[in-house]
There are 2 protein chains.
Amino acid sequence: MTVSHYVASDFEGFEKQFRTNFINSLSGFKSVNLVGTVSKEGITNVAIFSQVFHIGANPALMGVLVRPDTVRRHSLENIETTGYFTLNHIRPSFYKQAHQTSARYQISEFEACGLTPEFGSLHPAPYVAEAHIKIGLALAETHHLAINGTILVIGKVIETFVPMDYIMPDGYIDIEKAESITCSSLDSYHTTQRLSRLSYAKPDKALEEIK
Amino acid sequence: MTVSHYVASDFEGFEKQFRTNFINSLSGFKSVNLVGTVSKEGITNVAIFSQVFHIGANPALMGVLVRPDTVRRHSLENIETTGYFTLNHIRPSFYKQAHQTSARYQISEFEACGLTPEFGSLHPAPYVAEAHIKIGLALAETHHLAINGTILVIGKVIETFVPMDYIMPDGYIDIEKAESITCSSLDSYHTTQRLSRLSYAKPDKALEEIK
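These figures come from a predicted structure and were not determined experimentally.

Moving on to helix α2 (residues 16-25) of chain A. Residues spaced three or four apart along an α-helix point in a common direction, a consequence of the helix completing one turn every 3.6 residues. Residues and elements named next belong to chain A. Burial analysis of α2 places eight of its 10 residues in the buried class, the great majority of the element. Taken together, the buried positions of α2 are occupied by F18, R19, T20, N21, F22, I23, N24 and S25. N-cap assignment for α2: the residue whose side-chain oxygen lies 3.1 Å from the backbone N of Q17 is E15.

Topologically, B:R197 is positioned in strand β12 (residues 188-198). A residue is classified by how much of its surface remains accessible, and B:R197, at 7% relative accessible area, is buried. Side-chain polar atoms of B:R197 contact the side chain of A:D187, separated by 2.8 Å. A distance of 2.9 Å separates polar atoms of two side chains, one belonging to B:R197 and the other to B:D170.

Residues and elements named next belong to chain A. A full pass over the atoms with the stated rule returns 18 salt bridges over all chains. Residues R197 and D170 are paired through a salt bridge, measuring 2.9 Å at the closest nitrogen-oxygen approach. Of this pair, R197 sits in strand β12 (residues 188-198) while D170 sits in the loop between β10 (150-163) and β11 (182-184), and the two are 27 residues apart along the sequence. A relative accessible area of 29% means that D170 is categorised as partly exposed. Of the charged contacts in the structure, one is a salt bridge between K211 and E209, with a shortest N-O distance of 3.5 Å. The exposure class assigned to E209 is partly exposed, which follows from its relative accessible area of 36%.

With that settled, the discussion passes to unusual backbone geometry. All names here are of chain A. Looking along the chain, the bond that leaves N58 and enters P59 is cis, with omega of 5°. Considering the arrangement of structural elements, one finds P59 in the loop between β4 (52-57) and β5 (60-66). The residue D204 is not glycine, and still its phi comes out positive at about 60°. Among the structural elements, D204 can be located in the loop between β12 and β13 (209-210).

Further remarks concern the packing of aromatic side chains. Residue and element names in this part refer to chain A. Summed over the entire model, instances satisfying the criterion amount to 19 aromatic pairs over all chains. Considering the side-chain rings of Y95 and Y189, the 5.5 Å spacing of their centres and the 55° angle between planes classify their relative orientation as tilted. A residue pair is termed long-range when its members are at least 10 positions apart, and Y95 in helix α4 (residues 95-100) and Y189 in strand β12 qualify at 94 residues. The class of Y95 is buried, set by a relative accessible area of 7%. Its relative accessible area of 3% is what places Y189 among the buried residues. Lying across the ring of Y172, R197 places its NZ or CZ 4.1 Å from the centre.

Here the focus is the relation of the copies chain A and chain B. Once chain A is rotated about the relating axis by 180° and shifted along it by 0.0 Å, it coincides with chain B to within an RMSD of 0.0 Å. What the superposition gives is, in effect, a two-fold axis relating one chain to the other. Among all residues of chain A, the one whose C-alpha sits closest to the rotation axis is A:T192, at a distance of 2.1 Å. Most of the interface of chain A is mirrored in chain B, where 99% of its interface residues are also at the interface.

Conventions and cut-offs
Residues numbered from 1 in each chain as written. Chains lettered and ligands numbered in written order. Predicted model: local features only at pLDDT ≥ 70, side-chain atom pairs only at ≥ 80, totals over all residues. Heavy atoms only, no water. Buried < 20%, exposed > 50% of the residue type's maximum accessible area, 1.4 Å probe, protein only. Helix = DSSP H or I, 4+ residues; strand = E, 2+ residues; numbered from the N terminus. Polar contact = N/O pair within 3.5 Å; in protein donor to acceptor, adjacent residues only side chain to side chain. Salt bridge = Lys/Arg side-chain N within 4 Å of Asp/Glu carboxyl O. Phe/Tyr/Trp six-rings, centres within 6.5 Å; stacked < 30°, edge-to-face > 60°. Lys NZ or Arg CZ within 6 Å of the ring centre and 35° of its normal. Least-squares fit on C-alpha atoms with pLDDT ≥ 70 in both. Contact = heavy atoms within 4.5 Å.

The values reported here are purely geometric and, on their own, carry no functional implication.
Dropping the structure here:
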């Protein structure tokens, strides 16, 4: 099989859309989520983000990367104004609506894309009712990444909604059984098939599959 | 289906391993990669990281989150000392070796775990020969996340190795065809099955599946 070898100066010569697709593919499968926010005027917003990641378990922290020059800046403005946002796992039954939230709407994406806002009692940000796994977060810290103007938003998890059936006795949430999907590059969505869970790795000890 | 509702004070009461598994499950499927580095003495190191993400396409930037209090600090030390690291997608044929790199070894994880180091001409960090998709990066910026002491390492992509068969005419890399896997929480590995690629979203325009 012929293997391509590109260097940084090649990327600059790529046609813009080719480069965007190619570079966005490199990180691997992504933690795609719907981010729910509300403006100070009470207008709900929901937008798809694929740069979401675990930061720490105690305290429970998660990060979202935001490009200020995209439609997703509304999410950032709302997070900074209200101090809260939600993360909602995407299922196959509504992944097209989730993708559609990236269009530039003048009205709430919930209404425009056929998703249902749902509210808890701890904060004003909307959840996506169609999601099985929902996380409420309070803004904890933001970092400006000088190198390209991206904003890293760090949230502290203040509540979670997870169906009991998906929580294993050791705390692992079976997000595959919960139908959470993943994405690659900018526009490709994928379900998953477990290979296995593996035991904690130690030198000179064979790994076991966790049943 | 009964839905659990936990709040932040509940997390503190969780048994430690339960909390670690639960909170690590929340972000969704992760961009799991092997990070290859070398020490200034020339000892190669390879370690599995699941907090890897796209930061920008032009310039091409990727981020890796590192907990300084884990075995993975050797990777961080090597990146800071040499200025370079590699990212290597994991395939089902070596996911157990990849997981095993998280054990605390006194020798190179390549040797200990049965992986093969491979070198390019642009920098000293080792690639994983078994990987189909390999990315070489130069350290560009680090951020200390004060909230929990995590380090965000940002690298500029300086070269890529991708088999031509997996690069689509529009630049999208079919990482599913390339056998790249994803992971969830700390120890679960998954292959994927594409739902579809979707066209660029615009208001009042129906999405199309990209063939």
